[in-house]
Amino acid sequence: MVHALEQIHDLLKPNGYLIDIHPSGELVEFILPLDGDEQLIGYMQETDDYIEYHQANDALDATVTSGLFQMVESGEIEFLTHANSFDDLKTFLDENWSDAIITDDVVANAKEFEKKYGESKVTLREKVRIGLLKVLRGIKGWRNQP
Amino acid sequence: MTILLDPEHNESNALFSLPIAWTGKSVLEIGSGDGRLTWRYAKKVAHVIALEPDSDKHAAALANQPQGFEHVRFANLGLDAFAKTSIEKFDLALLSWSL
């Protein structure tokens, strides 16, 4: 990851900026939206237990510490994926999110709440981190330093 | 199957609230996927090169490209391959869910 950030640094103009968007690493939620309220269905698991997102945070921090970039601004947003049904969302995730794990408990909860509330639409809620980093010249030769 | 990704535009609103200028800028997007986010900012900038190593997603981006976005070029490449050959320097790099 740090190597990729070094490559990006080299592809940017001296006054350029990097915008990084990646999941924060907080658990992703399945939500049943209700009228003015919501019901938590459960959490999505990942095969690597979200570790890659924490590694991404560490890699960004490393490039700031080493003087490649300066963090100008960092924030968090909610990224919502809406589906007409839990089955639709599951199919979408199976096709597009290769390391997503939807446990049997979550599937059972989705069916139970759909029956209980008479609402089939579901939402996937992810917390996403957006960072703006400014190119710095870097400390010459820092990459070779221990 | 109807799936809506960020219809609230929280992602693009957050991008446009960053303290940077977009107009006239050259952008390197890394991990452009099917172009979902690309279409949301590309009108604001002068030139985009959007990298996507996955062939299916790259093909989807080409198929989805609307008119008026001729200044956006999709490349079926990863960052590593692109960095080895590119001599262009960009104003902005957008790491789009790909770090």
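Fair warning: this is a prediction, and the values are worked out from it, not measured in the lab. (Residues numbered from 1 in each chain as written. Chains lettered and ligands numbered in written order. Predicted model: local features only at pLDDT ≥ 70, side-chain atom pairs only at ≥ 80, totals over all residues. Heavy atoms only, no water.)

Time to look at the overall build of chain A. When helices and strands are counted, chain A shows four helices and six strands. Over its C-alpha atoms chain A spans a radius of gyration of 20 Å, topping by over 25% the 15 Å that the globule rule assigns to 146 residues. Considering only C-alpha atoms, chain A reaches an extent of 65 × 30 × 20 Å along its principal axes. Summing over all exposed atoms, chain A offers an accessible surface of approximately 7,500 Å²; the carbon and sulfur share of this is 48%. For chain A, the centre of its 13 positive side-chain charges and the centre of its 28 negative side-chain charges are spaced 8 Å apart. (Helix = DSSP H or I, 4+ residues; strand = E, 2+ residues; numbered from the N terminus. Rg over C-alpha atoms; globule rule 2.2 N^0.38 Å. Areas by Shrake-Rupley, 256 points an atom, 1.4 Å probe, with all protein chains shown as cover. Lys, Arg positive; Asp, Glu negative; His and termini not counted. Charge placed at Lys NZ, Arg CZ, Asp CG, Glu CD.)

Residues and elements named next belong to chain A. Under the 1.5 Å per step criterion, the end-to-end length of helix α4 (residues 104-117) is 20 Å for 14 residues, consistent within 8% with the ideal 20 Å. Residues of α4 that are buried include every one of V106, A110 and F113, and no others. End-on, the buried residues of α4 take up no more than an arc of 75 degrees, which puts them together on one face. Residues of α4 that are exposed and point over 90 degrees away from its buried face: D104, D105, K111, K115 and K116. Residues of α4 that are buried sit in contact with β2 (28-34), β3 (37-46) and α3 (86-96). Positive backbone phi, approximately 65 degrees, marks G118, located one or two places after α4. (Expected span 1.5 Å × (residues − 1). Buried < 20%, exposed > 50% of the residue type's maximum accessible area, 1.4 Å probe, protein only. Arc of directions from axis to C-beta. Contact = heavy atoms within 4.5 Å.)

Side chains of nonpolar character tend, in soluble globular proteins, to be buried together. By size, the foremost hydrophobic cluster in this structure holds 27 residues, and its most contacted members are I19 and I21 of chain A together with L15, I20, W22, Y41 and V48 of chain B. Elements that contribute at least two residues to this core include exactly β1 (12-23), β4 (69-83) and β6 (122-135) of chain A together with α1 (10-16), α2 (38-41), β3 (47-51), β4 (72-75) and β5 (90-96) of chain B. Beyond its immediate stretch of four places on either side in the chain, I20 of chain B contacts Y17, I19 and L132 of chain A together with L92 of chain B. In this structure, A59 and V135 of chain A together with F82 and L99 of chain B belong to the second largest nonpolar core, which totals 23 residues. (Core = buried A, V, L, I, M, F, W, Y, C linked by side-chain atoms within 4.5 Å.)

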